[in-house]
Amino acid sequence: MGDKSTPLLAVLQLLRKYNLKGTEEILRKEASLGDVEYENLDLPEVELASILTAHHTESDPYTYEFAYESLKKFIENSLDMYKYELSTLLYPVFVHMYMILILYDNTVHAENFLEKFGPEQEDYYQEDLKKLSIVKNKDQVKGNELAEIYSSNKFVVQLSRDASSQLKRFLHEQKNSTVVINIINNHIQIEIHDGPGRTLTQIRATAGGLLGEATKNENRTKVYYGLLKEPDIQLPPAPIEDEEETEETPDKPKKKKAKKDNIFMKKPKSDPNAPLSDRIPLPEMKETDKLEKGKALREASKRVHLGPESLPSICFYTLLNSGQTAICADICDDSTLLAVGFNNSTIKVWTLTPVKLRGMKCAEKLQDIDREAGDVLVRMMEEKDRDTCRTLFGHSGPVYKVAFDPFKNLLLSCSEDSTVRLWSLQCWTCLVVYRGHVWPVWAVRWSPHGHYFATAGHDRTARLWATDHHQPLRIFAGHLSDVDFVQFHPNSNYVATGSSDRTVRVWDCLTGTQVRIMTGHKSPIFVLTFSVCGRWLASGGGGGELIIWDISTGLPAANLPPAHTAPIHALAFSRDGTILASGSLDCSIKLWDFTAVTEEVSVDEIGNNSTVQRDDRFLLRSFPTKNSPIKDLHFTRRNLLLAVGSYDGSS
């Protein structure tokens, strides 16, 4: 029977006392109480009275206002070392009091209660309270998303041991505190931590989640955030690509390259935090992919080293006459193609170099080609049919995200029509339609090693897919609202998701389980990106806030000072990981000194959550556009920053 048994047993004892056998029999049957419990009915008179009065108090609307006011007064008069932690209790207690008043049909009292104490709650909860205020009677609780979340989950509050004992003492001494005690027991999970109470800044750093903070055990699993060992790639000789380099110095770049290669090979090898290379099955690299990888390594040897003194140049691609129609954009890894998704369900792919886009020859012509020829991939392309732009048709709703695969052969897109489509960039047709989500799909992302991809949608789940499976391989369920963005870890073993429930979560692709839950955002999270080394995760929110998380602990490493005034929709790390670029709907790009952020963290060693909030020294430069909200940011292999935005002439 659990918690309900005590009030029921008290009523039964009362019925037995007054010898009401018929009613007693009916109640026993309905409550399905066993004989043993019935025989042992022997509650002392005092306890019997207190249980029945508590039950009476719960249905008395005036006790709630009184109980909330006295709890608030107690917290306000507490010492600073307890006050800030205890104040995190006020919001969940307030919400559940409102819902109980509704359930007891005290609608007028509930409205007055909301009007009186609602505006005092934290500003980031005001939007939730608006949604909750629509609930006016108990039948509406079931249909209300938030009311259902709060009634079926516990709100997590972290308190120091001392603050917790202060609270217990207050609740025992206070008259009519039964209401608060019941709410805490049934709907709030208090996590006790050792050490002193946290400061206001520390609490602010992790506050804001729909159900409070993460519990202690949720971030205990070890995360292998290190990088995988790169495959051993023999670099092809470089005659063509080095036209600009003179004949006399052919060995110099070679020496450089060899050195670079060693860096590429060895770094991940000695990484103690790297997962085993066969932890998840990764596809074998094809010859063409190896050539592409070799080309990438050669380009990397000419990379410009960025820092506060040498900021990247920015090349901005403006989409004209597309203010309200272009939704998303993506640039492929070697920076030669740009794809844009539109609200009329089409996708356009442009070439960013003088090399034109070519289609494949028709079936008859393909039969004549020698398949064993070394240049078979070149021969199968059409000679005459060359364009600077191609349009892909197939979706039946706005296209919310597009993504090029790492080897530039395939393109993924997701749409409001709840499907994900895989397109060939050789035939320029749709190869597969993946149907798994039942609502709009907001985001799609390739694994850095190809083959796998992840999606996120309105159905509150993220899913892991492989190109050769119709159905998802893993479903990551746990978010309480839309999953707005999804991002792969550089080692392809983990997937990070950002949601409208204001949490960032990290999932293990092998087990499908959640290994990190990170709270601290005060608005939905629209973009995530991992650092080059794999340890840090940057997330951009709907309020323009930018937070850097440490994957090893699951704590915010730095809460960057608010610089954007509108939602951040694009983030990119430079190829050497020293600069972080953020692009927002406020029509500006900002460059952050990421090296300084991580250095500060290693000095503080993260123990005190977030100290990095003091000034603007991390912000290096801000670049405004005339009136083009930023859709995508991408660093080329040589560290030139490419940005895409659509000029909004109307405003």
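Just so it is clear, the model here is predicted, and its values are computed rather than measured.

J.: So what's going on with unusual backbone geometry? Residues and values would help.
T.: One non-glycine residue with positive phi stands out, namely Ser-345, at about 75°. Within the element layout of this structure, Ser-345 appears in the loop between strand S5 (337–342) and strand S6 (347–351). Classification of Ser-345 by relative accessible area gives buried; the value is 14%. Of note in this structure, Asn-639 is not a glycine but carries a positive phi near 75°. A residue is classified by how much of its surface remains accessible, and Asn-639, at 3% relative accessible area, is buried.

J.: So what's going on with the environment of Thr-553? Residues and values would help.
T.: Tracing the backbone shows Thr-553 in the loop between strand S24 (546–550) and strand S25 (555–560). Overall, Thr-553 belongs to the partly exposed group, its relative accessible area being 32%. Sequence-wise, Thr-553 and Thr-221 are 332 residues apart; in three dimensions their C-alpha atoms are separated by 9.3 Å.

J.: A description of the side chain of Asp-459 should follow, citing residues and the corresponding values.
T.: For Asp-459, the position within the fold is in the loop between strand S15 (452–457) and strand S16 (461–466). Given the relative accessible area of 16%, Asp-459 is considered buried. Polar contacts involving the side chain of Asp-459 include one to the side chain of Thr-461, which spans 2.8 Å. When near neighbours in sequence (up to four residues on either side) are disregarded, Asp-459 contacts His-437, Val-438 and Trp-439.

J.: Go over the environment of Ala-454 with me, naming the residues and quoting the values.
T.: As for its placement among the helices and strands, Ala-454 is situated in strand S15. The exposure class assigned to Ala-454 is buried, which follows from its relative accessible area of 0%. Along the backbone, Ala-454 and Ile-475 are 21 residues apart, and their C-alpha atoms lie at a distance of 9.7 Å. Setting aside residues no more than four positions away along its own chain, Ala-454 makes contact with Ala-443, Val-444, Arg-445, Arg-463, Val-486, Phe-488 and Val-495.

Each value, and the rule that gives it
Residues numbered from 1 in each chain as written. Predicted model: local features only at pLDDT ≥ 70, side-chain atom pairs only at ≥ 80, totals over all residues. Heavy atoms only, no water. Helix = DSSP H or I, 4+ residues; strand = E, 2+ residues; numbered from the N terminus. Buried < 20%, exposed > 50% of the residue type's maximum accessible area, 1.4 Å probe, protein only. Polar contact = N/O pair within 3.5 Å; in protein donor to acceptor, adjacent residues only side chain to side chain. Contact = heavy atoms within 4.5 Å.

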